[in-house]
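If you want the building blocks of each chain, they are given just below.
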Amino acid sequence: MTISLRNRRAGAAATATALALASLAALAGTATPASASGRVTTAGPATTATALAPEPAAAPKPDSPAASASPAPGDPAARSALTLPRPTGPYATGRDTLFLTDHERTDPWVPAAGARRLLVSLHYPARPGSGGDPAPYMPEAEARLMLTQRGLDDPEWPGLVAATRTSSRTDARPAPGRFPLVLLSPGFGTPRATLTGLAEELASRGYVVATADHPYESTGTELPDGRVLTCAACDEVDAQPDEAGRRKVLAAVSAGRAADFSFLLDRLTGPRPAWRHARTIDARRVGMAGHSIGGNAAASTMAADRRVDAGVTMDGTFFDPVAARGLDGRPFLMLGTDPGHAPGAGDTSWDEGWARLDGFKRWLTVRDSGHFTFTDTPAIGEQLGIVDPDAPLSAARSTAITRAYVTAFFDRSLRGRPARLLDGPTPAHPEVLFQRP
């Protein structure tokens, strides 16, 4: 496919292979590290930080050749601040960050690093007018690393991406009441910031949202002390001799994330919660969604932990198959690209998974979408002037569809609210196809 940049000088457009959307992911796929996300909590005796082993020397390889391009001097994109679409719900939103350590588990990718660690962004309904500054999107140093690793090394872009404006406030006071909890997991090689827009939307609609970075599974995860963990799991996938070996490693990624989220649930809803506003969580109502392998992790977590009541995959292959026994009647939404994730279109794991799902379920595909449609990438990429003709769905439509269907699903599954949007096609979203295999 061809990726071009609007308002560029002649000859500045670059070409990439069919997987070059991974390069675009860097534009929105960098993590908001604890050191730049407002209040950072290293919580409790069970979550203390310990020293990590030195990082692997090799940086993770890009998934494919990438466009190496930058805005021309005077390009409006180079001068304008980037923004995420504002959330549409009735609540203001706040954000905290937790840095947690699971002393019961050794990191599966770098055992010498010691205990497994998680960085978690918590978005929550907040009182209007409370809180400090808007929560930052990511640090410039990490943005520069991520963009360079994807072959997007223009010197102005890291600052632009790092300065992307969010709608959540640090140190905001929670809104009164108790709210369902939604867990979010990003794609493989993609930090948690990729899902910030969806997290803010859900928080504005009355959910507490916990989005986790899984160390050594993303191109960069910055710790509170400023060190950046690179993608040892990516190196492990690259080292496999064949497709079967790569799928086995990716299945282990999904299953390992299930353990991460069970630990996170313990720390958010257990007797000694790690989060200062944990009282706002209604632990009887928990959902999980994820992009790409994060969507696989939603199914893996539901199979391993009965506390998760509903799940969503956004364009994620089930490398770790849906449990043969099903999910004990719990609801699940499959939301993906069309035709890439239509029945019989190539990813047979969806056909197999669909047959095993034994509760309320929907299989939706979206015309003109791409793998990163369901993340922040379209919104940020458009503002930088990036055009992907293989995924022409606009950022506005990408955002509206993802927000509408994920929210409707959780409203139905966790709140018992009617969700007519899930009953069938609607003129409001003509791109969304209901698959009935």
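Computed from a predicted structure; not experimentally measured.

Caption draft 1: Highlighting helix H11 (residues 395-415). The end-to-end C-alpha distance of H11, which contains 21 residues, comes to 29 Å, matching closely the 30 Å that a straight helix rising 1.5 Å per residue would cover. Phi turns positive, to about 70 degrees, at glycine 416, one or two residues after H11.

Caption draft 2: Representation of the side chain of glutamine 435. The topology assignment puts glutamine 435 in the segment after strand S16 (432-434). At a separation of 2.8 Å, a polar atom in the side chain of glutamine 435 contacts the side chain of threonine 365. Every residue in contact with glutamine 435, bar those within four places of it in the chain, is listed here: Asp338, Ala342, Pro343, Trp363 and Thr365.

Caption draft 3: Representation of the state of the cysteines in the model. With the rule as written, the count across this model stands at one disulfide. Between the sulfur of cysteine 231 and that of cysteine 234 lies a disulfide, 2.0 Å long from S to S. Between cysteine 231 and cysteine 234 the sulfur-sulfur dihedral comes to about 70 degrees; the bridge is accordingly right-handed. On the accessibility criterion, cysteine 231 (1% relative accessible area) is buried. Overall, cysteine 234 belongs to the buried group, its relative accessible area being 10%.

Caption draft 4: Just the side chain of asparagine 296, in detail. Looking at the secondary structure, you find asparagine 296 in helix H8 (residues 293-304). For asparagine 296, the contacting residues outside a window of four places in its chain are Ser254, Thr313, Thr317, Phe318, Phe319 and Asp320.

Caption draft 5: Expanded view of the confidence of the model for the protein chain. When pLDDT is averaged across the protein chain, the result is 83; 81% of the residues are at 70 or more. Taken together, the stretch residues 1-79 has pLDDT below 50 and engages in 228 contacts with residues farther than four places along the chain or on a different chain.

Caption draft 6: Structural view of the packing of aromatic side chains. Counted by the stated rule, this structure contains seven aromatic pairs. Judged by centre distance (5.6 Å) and plane angle (85 degrees), the ring pair of tyrosine 91 and phenylalanine 179 falls under edge-to-face. With a gap of 88 residues between them, tyrosine 91 in the loop between helix H2 (76-79) and strand S4 (92-106) and phenylalanine 179 in strand S7 (residues 179-185) connect regions that are remote in the sequence. Ring centres of tryptophan 354 and tryptophan 363 lie 5.7 Å apart, and the angle between their planes is 55 degrees; this geometry places the pair in the tilted category. An aromatic cluster is defined as three or more aromatic residues linked by ring pairs; in this entry it consists of Tyr207, Phe409 and Phe410.

Caption draft 7: Spotlight on unusual backbone geometry. Geometrically, the link from aspartate 338 to proline 339 is a cis peptide bond, its omega value of 10 degrees lying close to zero. Note that proline 339 resides in the loop between strand S13 (332-338) and helix H9 (348-356). In the Ramachandran plot, aspartate 315 falls in the positive-phi region, its phi being about 65 degrees despite a non-glycine side chain. Mapped onto the fold, aspartate 315 is located in the loop between strand S12 (310-314) and S13. Phi angles above zero are rare outside glycine, and aspartate 328 is one such case at about 55 degrees.

Definitions and limits used
- Residues numbered from 1 in each chain as written.
- Predicted model: local features only at pLDDT ≥ 70, side-chain atom pairs only at ≥ 80, totals over all residues.
- Heavy atoms only, no water.
- Helix = DSSP H or I, 4+ residues; strand = E, 2+ residues; numbered from the N terminus.
- Expected span 1.5 Å × (residues − 1).
- Polar contact = N/O pair within 3.5 Å; in protein donor to acceptor, adjacent residues only side chain to side chain.
- Contact = heavy atoms within 4.5 Å.
- Disulfide = S-S within 2.5 Å.
- Buried < 20%, exposed > 50% of the residue type's maximum accessible area, 1.4 Å probe, protein only.
- pLDDT = per-residue confidence, 0-100.
- Phe/Tyr/Trp six-rings, centres within 6.5 Å; stacked < 30°, edge-to-face > 60°.

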